[in-house]
Amino acid sequence: MNRYFREISVTAALGLVLLAMAVFAPGFFQPQPLLSLVTREAPTLVVACGMALVIISRQIDISVGSQFSVCSICAGVLAARGWPLAVVGPAAAALGALLGAFNGVLVAGLRLPSIVVTLATMVMLRQGLNLVQQGAFVNLPDRVQWFGLSQAAGQWTLVGAALVLLVIFGLAMRQLATGRWVYAVGTDDEAARLAGIRPQLVTFLVFVLMGLLAGVAATMNIVQSPQVQPAVGSGLELKVIAAVVVGGVAISGGRGNVWGAFAGLLLLACVSPALTHLHVEAYWEKTIQGAIILLAVVADGLRQRKRGEGQA
Amino acid sequence: MRQTTSAPLLRLEGIKKNYGAVRALQGVDFELQAGEVHALLGENGAGKSTLINLITGARRPDAGTLTLAGRPLPGLDPAAARALGIACVHQQPALFAELSVAENIGLRLEAGGAWRRVDWPRREARAAELLQRIGAEFPASRTVRELSMPEQQLVEIACALGVGARIVIMDEPTSSLTRREQEQLYGIVRGLRAAGTGVIYISHRLEEIFALADRVTVLRDGVSVGTHAVAAVTEPELIRLMVGREVSQLYPPAESAPGAAVLELRGVGCRAAGMHGVSCTVHAGEVFGLAGLVGAGRTELARTLFGLTPADAGEILLHGRRIHPRSPPEAVALGIAYVPEDRRRHGIVLEMPVAHNLTMAVHPRLFPGAWLRFGAEQALARESLRDLAVKCPGPDALGGSLSGGNQQKVSLARWLATRPKLLILDEPTQGVDVGAKSEIHRIIRRLARDGLAVIMISSDLPEVLGMSDRIGVMRGGTLAAVLPGKSDPHTVMAAALGQSS
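Residues numbered from 1 in each chain as written. Chains lettered and ligands numbered in written order. Predicted model: local features only at pLDDT ≥ 70, side-chain atom pairs only at ≥ 80, totals over all residues.

## Some thoughts on the packing of helix H10 (residues 236–246) of chain A against helix H11 (residues 258–269) of chain A
Residues and elements named next belong to chain A. Contact geometry for H10 and H11: axes closest at 7 Å, N-to-C directions at 120°. Considering only the axes of H10 and H11, their crossing is right-handed. Across the interface between the two elements, Ala242, Ala243, Val244 and Val246 from H10 touch Ala261, Gly264, Leu265, Leu267 and Leu268 from H11. Among the residues forming the contact of H10 with H11, the class breakdown is 8 nonpolar, 1 polar and no charged. (Axes fitted to C-alpha atoms, helices over the stretch in contact; angles between N-to-C directions. Helix = DSSP H or I, 4+ residues; strand = E, 2+ residues; numbered from the N terminus. Left-handed = near helix turned anticlockwise from the far one by under 90°. Contact = placed C-beta atoms within 7 Å. Nonpolar A, V, L, I, M, F, W, Y, C, P; charged D, E, K, R; others polar.)

So this is what it looks like as structure tokens:
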């Protein structure tokens, strides 16, 4: 079977949904709502790129939602104090990288299971934020919104930035030796180590990158609204993990790419507006998203079984 | 030994089995008498595993009949096979790693429903008794995870004994055993035979078949090409039957005189790895064989030289310069290559294409500036595949789709691509069929001729004796003796066991 079967099938599914919308609810394709939808998902896409790397390296990071919240609030506070966005953005990214490095040290350095480590940091960061912020919103100065540009220009900037990052990661994972290392470590870290790769360093860097991208995404998020709530980004981890898995990244590591994660994210994101346009009750949204995730996992399972039989 | 008067214990006639388009068995006849050790011989892919799967009921034949003591067995499944007294000791023991030996044996042997109470003292007593019968030296309370591979195989054998099996199938039981453990195993097999059990014995090692078996059946390309009494057949005849061609020389001769010293060890030790005081010199153009029992420190020495467990005592000199590799990347940069023991786990990545596997150790050289260059990668892969005559559809085939011998060649090719000065091979032909084995031997010899210093770790004594220019024997974590090549096997074994010869 084709190596990119999963990526192709997700893209095909997305194409079918869009085609169905074009036939049954052409109202879906009004440019302004569609641009808003894509803009809202732009920060998610950035986080999903990082998550794809984490899962390909056979780890998981469920603290990304909390990282995203902490970075958002900190960026908001700095912006409210009058720091220019050109400084706030990199500062948020650096803070995210630091949070990611903390996870990375524990997972790669001490070889602790990432699901437990990031569960702990997820709770700690979230509660720490609640403690400091006491649920208070951070009001942002007007110049922050849409980078001080018009709304349309701001939206295009965000979408463009997310796509540029996607292309960078897509190319890097295929074209850079470092990308190959991530796959090797995710498939078999001992084999990678014996081949002269440093699995712990690779894992550490993947977590740092994940945090950095969460910081970047936080900046891309705060410019979209006049205030930042502390609850921002809760549940984000599940959303991106779902997108990545639907997009064909194997939860067992070593397989998949960011393009698939992109298609998976779009597929999940267009469920809600599609239902609205088809006049279906919104309650169906989560059910359908869940079904899509299940379908993806079943497809992976069948594929694995088929391969197992082929080897017997 | 042969009871030709009674019906055979097991008879297979005209067995055929296809997996999709692959015709695994195309008409196999085989029979096993009670109280007989019947060896099954064949290259990898000849159909031995398929045949075992049919006898244990794991798969069903497409055509042909299985008869057990005169009774036909249509639709045999694993539970029925067990009930009929067919037990199999698999090459890779299928045990529960987190449970104790007694619990593992209990799970296999104890009958009863889900709600029965476990009689712990009885379970442990039975396990202890079985372990004692096979001469195992570990307690039944030991967790399986803590056992070595040979010890785990002993547990499997204990299970087969425990069910009182009429037919015991042993699939390459000695592939990871040392000489002493082999002798122990031979004793067990002979005991089974004396008790009237039929033993189907699968091995790549011809010496074992001659030491142990009464008859031998050779499979080639899914067809049984002959059954012979072991006493009436010679080693070259068997090899010819297996490969269908004459393998003129099992071991290629040394052709070149060793050159300058490449590696010099002075009292090298590593406390964490349990290795100490290793001193020796390995020259360019030399195959330095490392013999010894499993656990004697051979792999530990290799891992220390490769920087996996850095040395904490003594000096390592490479081309006269002191080195101290602390990690594999450092060792690679110094020109040391290590082809690890367990190729399926560590040698190559089965899920990755061959080309990716081949270049994995040479990224810094092949891809300066970190950008992958697919053209260069493909070119290197094609060259390596051709150079080592790897049978594979192309550089994009997945590692897992190759046969064992070809996987080993890919693993070797990966390290040759690093252009090493010192090549360490750990069990280079373990579980590899005879044809591929002699090809790998020729490659090793050619590399030595081209001036590489080769350290070859092997538990296969004929291989060590046949391939090595000099033989280092390790015992108890240190190098006990350095013997000349073509030494007497008894001398090597004596050194490995610590007896004065």
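## Observations concerning the interface of chain B and chain A
Counting residues at the interface gives 21 residues for chain B, matched by 18 residues for chain A. Only helix H10 (328–334) and helix H11 (343–347) of chain B provide two or more residues apiece to the side of chain B that touches chain A. In terms of residue class, the side of chain B that touches chain A is built from 14 nonpolar, 4 polar and 3 charged.

## Side note on the confidence of the model for chain B
On average, residues of chain B carry a pLDDT of 85, and 92% of them reach 70 or more. Interface confidence for the predicted complex, expressed as ipTM, amounts to 0.76; the pTM equals 0.75. (pLDDT = per-residue confidence, 0-100.)

## Comments concerning the sheet that holds strand S11 (residues 261–270) of chain B
Residue and element names in this part refer to chain B. Strand order in this open sheet of 4 strands is S12-S11-S14-S15, and the pairing throughout is antiparallel. Sheet topology places strand S12 (275–283) and strand S15 (321–323) at the edges, where each strand pairs with a single neighbour. Between one strand and the next, the sheet's axes are offset by a mean angle of 25°, whatever the strand orientation. Where S11 meets S12, 6 bridges bridge the pair, whose relative direction is antiparallel. Pairing of leucine 265 across the sheet is with cysteine 280, part of S12. Taken strand by strand, helix H9 (residues 298–305) contacts S11, S12 and strand S14 (313–318), and its axis lies near 70° from that of S12. (Pairing = 2+ DSSP bridges.)

## Focus on helix H1 (residues 5–24) of chain A
Residues and elements named next belong to chain A. Compared with an ideal rise of 1.5 Å per residue, which puts 20 residues at 28 Å, H1 spans 28 Å between its outermost C-alpha atoms and is within 8% of the ideal. Inspection of H1 places Arg6, Glu7, Val10, Thr11 and Leu14 among the buried residues, and these make up the whole buried set. Seen end-on, H1 carries its buried residues on one side only, within an arc spanning 135°. Among the exposed residues of H1, those oriented more than 90 degrees off its buried face are Phe5, Ala12, Gly15, Leu16, Leu19, Val23 and Phe24. (Expected span 1.5 Å × (residues − 1). Buried ≥ 20, exposed ≤ 12 C-beta atoms within 10 Å, placed from the backbone. Arc of directions from axis to C-beta.)

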